[in-house]
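# Close look at the chain arrangement
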Amino acid sequence: MSSDAAWRPIFGHPEPYDEQIDGIETAIETAERSGFLALEGACGTGKTMLALTAGIHLVRDPESQFERVLVLTSVKQQLRQFESDIRTINANLPEEFQPVSAMTLVGKADVCPYNLAGTGGIDGTNVYERCEGLRDRTRGLTEETTADALAASARSQQVGLADSGADGGATYLEVAGETTPYPPETPEDGGETEYCPFYAQFLADLPDDGDPSEAVPFDPTGMGLLESEDLVRLAASRGSCPHSVMGALVERTEILVGNYYHAFDPVTTETFTGAVLDESTFVVCDEAHMLEPRVRDLVGDGVSDAALRDTEGELSRVIEPLVAIEEAGSDARHGASARATAETIRTELSETDVTLDELRRTRQFVRDLRSELDRRVTAHLDEEHPGWRRNIDALEDEEIPLREPETPAIDELTRWAERQGYDAGTWARAESVGAVVARVLDTVEDEDSRRTIQGVGRSLAAWGRADHEHFFREIELERTFDGTYPEDDWQRAYNARLSLHNCLPADAIGERLAAFGGGVLMSATLEPIEMFAEVTGLEHLESERGRPIVTRTYGLEFPEENRASFAVATPKFTYANRGDPDEERPTRRAYAHALREIADVPGNVLVGMPSYGEAEWAASVLEDHEKTVLLDEASDDVATERLKQRFFDGAPKVLVTSLRGTLTEGVDYRGDRLSAAIVCGVPIINTASPRTRAVRTAYERAFGDGFRSALAVPAVRKARQAIGRVIRGPDECGVRVLCDERYARDSWDSVRDLLGDVEREEFQPVSPDMLELGLERFRS
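Just so you know, the residues in each chain are numbered from 1, in the order the chain's sequence is written. The predicted origin of the model limits local features to residues at a pLDDT of at least 70 and limits the giving and counting of side-chain atom pairs to 80 or more, whereas totals for whole chains, interfaces and linings rest on all residues. Just so you know, side-chain values use all the structure's heavy atoms and leave hydrogens and water out.

A separate point is the overall build of the chain. Assigned secondary structure in the chain consists of 31 helices and 23 strands. Relative to the globule expectation of 28 Å for 780 residues, the C-alpha radius of gyration of the chain, 29 Å, shows essentially globular dimensions. Once the C-alpha set of the chain is aligned to its principal axes, its extents read approximately 95 × 75 × 60 Å. What makes two residues a contact is simply this: any of their non-hydrogen atoms within 4.5 Å. Look at the contacts in the chain between residues 6 or more apart in sequence, and 76% of them connect residues 24 or more apart. Counting every atom, the chain has about 33,900 Å² of accessible surface; 45% of that belongs to carbon and sulfur. For the purpose of counting charges, residues Lys and Arg are taken to be positive, whereas Asp and Glu are taken to be negative. His and the chain ends are not included. Note on charges: their place is set at NZ of Lys, CZ of Arg, CG of Asp or CD of Glu. In the chain, 82 side chains carry a positive charge and 146 a negative one; their mean positions are 4 Å apart. Helix and strand labels come from DSSP, where a helix needs a run of H or I of at least four residues and a strand needs a run of E of at least two; each type is numbered from the N terminus. Here the radius of gyration uses the C-alpha set of atoms, whereas the globule reference equals 2.2 Å times the residue count to the power 0.38. Here the Shrake-Rupley method, with its probe set to 1.4 Å, supplies the accessible areas, and only the displayed protein chains count as covering residues.

If you want it as structure tokens, here you go:
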């Protein structure tokens, strides 16, 4: 790097690492050719600052096509790291540089003034339904009056109270430490129609040319990072809708920090971020090893039995008023209100291509779907669990495949529909019918509610549209308890869902990445990068579209004498070898010995097991250890955060968790928070699951070795993420252990070659009896 490198003033620290220099310049050069950098960098190598520096440089280069950076991450901890590095960059910019504008993208619940204040009939559970209802009515009122008049009316109600001194004067909604100009509760126009004054003010501020950035009620210039609390404070205090203001700022902000939903979720991209998913955006995919599984979930679909039930009810609420009036004729017992409702529905339908007959047919289709779902679930339980009605509480989660997972073919439910006369057109038209019914109900019903039929219609259309090679269809049964059903009814024990799984998301990922002008995909665990490029569609972008794909791998550059890394050749931690937790097999004894050895390492110790059940076993092995042993269980974010804080505070402890949990990825164990980590086994997911078998088959057909690409590689990345928590800086010391002979030896099912060149060199194989000697040498 020359001392006058153009990006150097943007870099937020005094001196970059050599890897950061190479990475920044490679990212810039690659993006200038509309390409992508796939980068693996060990924890602590400064990937976040690297990507931000490259992106900001490109955005501020007057000859560049880029107008903004879009950061996508799947881990909240990493989102906070990007925010921190943005602050660092702004704090250290030369005086002649304008602060970098940045904004964290959040949901409505995080910025709605009424939700934050707990007023306006919004309690955190209904914020989206209430918001959409209030917005719809606000827009409706603007057909009779102006948005400015609506906002002014809400203000004047409080001003009038303040002037009169009545009831102690006016009270104003307060949020984020600021007073808004409106009352605590949502106002009504003329005492009849409830509306949102914040949204009304935003609409009033929109210019005639429709440029939403002109409706922002404050000047964001020079503010740097705009967080959600700042957004609420600045927008709400001026009477405008914070969420709408956030949307208005999206195209004019240099750095947007969000999650994978903002680029890959169809609903989010259609309603919120779609305008920036183009060639003027430099994308940064952080934690990119999670890109494939996260997007697989986002581009899948499904519909529950409960949603089908609600959809049937919503269809009936449109159909029945029309039928009742038709049957009544001139019967006076049907009053003016009922006739007015029917007339409104008839008028709304007349403006669409949806007829009453089509509504009836769609309702019958939904009813028949529910009946067939019920029949299939009952038949499955009768066959697999005879006598289940007498022991319904013992049932567990189940999958009912609708085709053979290893044989792509039309699924049984689609074939059943065809036999009943429901062809591809029936599935496809469900989306249009759903949209029309939702609009009609919004017109004739006052209460705010999210219409189920709209989402169900989209899901049914997707079911009919998706192919049968890349997609797998099944019924998923999720354990629950609903006491409203009889004791012998499966619905008392299960939520049933028709699920459509995208087994091969490479096309969806590749198509979305192709929309961007270039970017960086980075993680501490991308290796093998060639395979990563295949399963994410990057290889296709390069070979078919000529988009350059450049790769870099940076290992730990911190002093080697500060770390000890072992691949211990214990027997494979497979069920065949270990048996149940209460069995005293040689394999379990070998792992118990290794666990005790690592628990003796001074300082905090992290134990990663293949499942929560095995984590419980490992914790029982260590229960007599002098250190406190903390067991992580499948729980909510609050409980996990409390457990993590207990681990950090006070005397050294042992934290035992599942490698499928959230404590082995994206958590910053900096400083002395972690001295050792041991991973037991290769955390391959349940290979007997029908969905897993379908995914494996799809990968087999696309990439060759389906077990390796679909199962082994993601499992090894989980293990590598866990051991990567130990060393985060040049002064940190620690022990890293991969415990399973598949990490240590070459064999037919070895995963050693999936560690990457740097880790294979560092993680020298040792026999179980040599682990203690290796630890003693490191301590000395």
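The nonpolar side chains of a soluble globular protein tend to be buried, and buried together. To form a nonpolar core, buried Ala, Val, Leu, Ile, Met, Phe, Trp, Tyr and Cys residues must be joined to one another through side-chain atoms within 4.5 Å. Exposure classes here rest on a 1.4 Å probe applied to the protein chains alone. A residue is buried below 20% of its type maximum, exposed above 50%, and partly exposed in between. Among the nonpolar cores identified, the biggest contains 66 residues, and F36, F218, F264, L521 and L538 are the most heavily contacted of them. Ranked by residues supplied to this core, first place goes to helix 9 (residues 228–236) with five residues. Apart from residues no more than four positions distant in its own chain, L521 is found in contact with F36, L37, A38, L39, C285, A288, L291, L513, L526, F532 and L538. In terms of nonpolar packing, the next biggest core, distinct from the first, is built from 53 residues, L359, I392, V436 and L477 among them.

This paragraph deals with the side chain of R403. The topology assignment puts R403 in the loop between strand 12 (398–401) and helix 17 (412–419). Of note is the side chain of R403, whose polar atom sits 3.3 Å from the backbone oxygen of P405. Polar contacts involving the side chain of R403 include one to the main-chain carbonyl oxygen of F471, which spans 3.2 Å. With near-sequence residues (within four places) excluded, R403 lies in contact with P408, A409, D411, H468, E469, F471, F472 and R473. In protein, a polar contact requires one atom able to donate a hydrogen and another able to accept it; more generally it is a pair of N or O atoms within 3.5 Å, and residues adjacent in sequence count only if both atoms are side-chain atoms.

Right, let's get into the sheet that holds strand 1 (residues 36–41). Ordered in space as 8-3-9-2-10-15-1-16, the eight strands form an open sheet in which the pairing is parallel. The sheet terminates laterally at strand 8 (225–226) and strand 16 (549–554), the two strands that pair on one side only. Note that strand 1 and strand 15 (residues 518–523) share five bridges and pair parallel. Bridge assignment links E40 to a residue of strand 15, and that residue is S523. Structural elements are reduced to axes, namely lines fitted to C-alpha atoms, with helices fitted over the stretch in contact, and the angle between N-to-C directions of any two is expressed from 0 to 180 degrees. Sheet strands touched by helix 1 (residues 18–31): strand 1, strand 10 (281–285), strand 15 and strand 16. Its angle to strand 16, the strand with the most contacts, is close to 170°. Paired strands, in this sense, are two strands between which DSSP finds at least two bridges.

With that settled, consider the sheet that holds strand 14 (residues 494–502). Spatially, 11-14-13-12 is the arrangement adopted by the four strands of the open sheet, whose pairing is antiparallel. Looking at which strands have only one partner, the edges of the open sheet turn out to be strand 11 (301–304) and strand 12. Each strand axis lies, on average, 25° off the axis of its neighbour in the sheet, ignoring direction. Direction of pairing for strand 11 relative to strand 14: antiparallel, over a ladder of four bridges. Bridge assignment links G302 to a residue of strand 14, and that residue is S499. Sheet strands in contact with helix 16 (residues 356–384) are strand 12, strand 13 (471–479) and strand 14, and its direction is about 115° off that of strand 12. In the packing of helix 27 (residues 690–703) onto the sheet, the strands contacted are strand 12, strand 13 and strand 14, and the crossing angle to strand 13 comes to about 160°.

What follows is about helix 6 (residues 127–141). The length a helix should cover is 1.5 Å for every residue beyond the first. Compared with the 21 Å implied by 1.5 Å per residue over 15 residues, the 21 Å span of helix 6 between its first and last C-alpha is a close match. All of the buried residues in helix 6 are V127, R130, C131, G133, L134, R135, R137, T138 and L141.

Let's shift gears to the packing of helix 27 against helix 28 (residues 706–723). Their axes nearest at 7 Å, the elements helix 27 and helix 28 cross at an angle of 130°. With respect to helix 28, the element helix 27 is oriented oblique. For the pair helix 27 and helix 28, the crossing hand works out as right-handed. Where helix 27 abuts helix 28, its residues T692, V695, R696, Y699, E700 and F703 lie against G706, F707, S709, A710 and L711. By residue class, the composition of the contact of helix 27 with helix 28 is six nonpolar, three polar and two charged. For classification purposes, an angle smaller than 35 degrees is called roughly parallel, one larger than 145 roughly antiparallel, one from 65 to 115 roughly perpendicular, and anything else oblique. Handedness of a crossing follows from how the near helix is turned relative to the far one, being left-handed for an anticlockwise turn of less than a right angle and right-handed for a clockwise one. Put simply, Ala, Val, Leu, Ile, Met, Phe, Trp, Tyr, Cys and Pro go in the nonpolar bin, Asp, Glu, Lys and Arg in the charged bin, and everything else, Gly too, in the polar bin.

Let's shift gears to the packing of helix 14 (residues 305–328) against helix 15 (residues 336–350). It is the contact of helix 14 with helix 15, at a shortest axis distance of 9 Å, that shows an interaxial angle of 115°. Along this stretch, helix 14 crosses helix 15, giving a crossing that reads as left-handed. In this structure, helix 14 uses R317, V318, P321, L322 and I325 to contact helix 15, whose residues at the interface are A338, R339, A342, I345, R346 and L349. When the residues that make up the contact of helix 14 with helix 15 are grouped by side-chain class, the tally is eight nonpolar, no polar and three charged.

Turning to helix 27, a few remarks are in order. An ideal rise of 1.5 Å per residue puts 20 Å on 14 residues; helix 27 measures up with 20 Å between its terminal C-alpha atoms. Along helix 27, the residues that are buried comprise P690, T692, A694, V695, T697, A698 and Y699. In the core, the buried residues of helix 27 are packed alongside helix 13 (291–298), strand 12, strand 13, helix 21 (529–535) and helix 28. Just downstream of helix 27, G704 is the residue with a positive phi angle, here 105°.

Our next topic: a negative patch on the surface. Each patch is assembled from residues with relative accessible area greater than 30% and no salt bridge, linking like charges that lie within 9 Å and nonpolar side chains (Val, Leu, Ile, Met, Phe, Trp, Tyr) that lie within 5 Å. A pair is scored as a salt bridge if a Lys or Arg side-chain nitrogen falls within 4 Å of a carboxyl oxygen belonging to Asp or Glu. A contiguous patch of negative charge on the surface is contributed by D18, E557, E560, E561 and E761. Within the secondary structure, E557 is located in the loop between strand 16 and strand 17 (563–568).

This brings us to the environment of D632. Within the secondary structure, D632 is located in the loop between strand 19 (628–631) and helix 26 (637–648). The spatial distance from the C-alpha of D632 to the C-alpha of M522 is 28 Å, given a sequence separation of 110 residues. In this structure D632 touches Y612, T640, L643, V656, T657 and L663, once residues within four positions along its chain are discounted. A distance of 2.6 Å separates a polar atom in the side chain of D632 from a polar atom in the side chain of T657.

A separate point is the packing of aromatic side chains. Classification of ring pairs rests on two measures: the distance between centres of Phe, Tyr or Trp rings, Trp counted by its six-membered ring, which must be within 6.5 Å, and the angle between planes, read as stacked under 30 degrees, edge-to-face over 60 and tilted in between. Applying the stated criterion across every chain yields a total of 16 aromatic pairs. Ring centres 6.5 Å apart and planes at 70° place the aromatic pair Y17 and F558 in the edge-to-face group. Note that Y17 is positioned in the segment before helix 1 and F558 in the loop between strand 16 and strand 17, a separation of 541 residues in sequence. By relative accessible area, Y17 is classed as partly exposed at 37%. The interplanar angle of 35° and the centroid separation of 6.2 Å between the aromatic rings of F573 and W617 together place this pair among those described as tilted. Here W617 lies in helix 25 (residues 612–621) and F573 lies in the loop between strand 17 and helix 23 (575–578), a separation of 44 residues in the sequence. Across this residue pair, the class does not change: F573 and W617 are buried. Members of the aromatic cluster, joined through ring pairs, are F365, W416, Y422, W427 and W463.

So, on to the state of the cysteines. What makes a disulfide is a covalent bond joining the sulfur atoms belonging to two cysteines. Note on disulfides: each one is a pair of cysteine sulfur atoms within 2.5 Å. Within this structure, the stated rule accounts for zero disulfides. Left unpaired, C680 is separated from the closest cysteine sulfur, that of C739, by 5.0 Å. Given the relative accessible area of 0%, C739 is considered buried.

Examined against the element boundaries, E406 turns out to sit in the loop between strand 12 and helix 17. Each C-alpha atom, one on E406 and one on E144, is 60 Å from the other, the two residues being 262 residues apart in sequence. Those residues in contact with E406, other than ones at most four positions away along the chain, are R693 and T697. Within the structure, the side chain of E406 is placed 2.8 Å from the side chain of R693, a separation counted as a polar contact.

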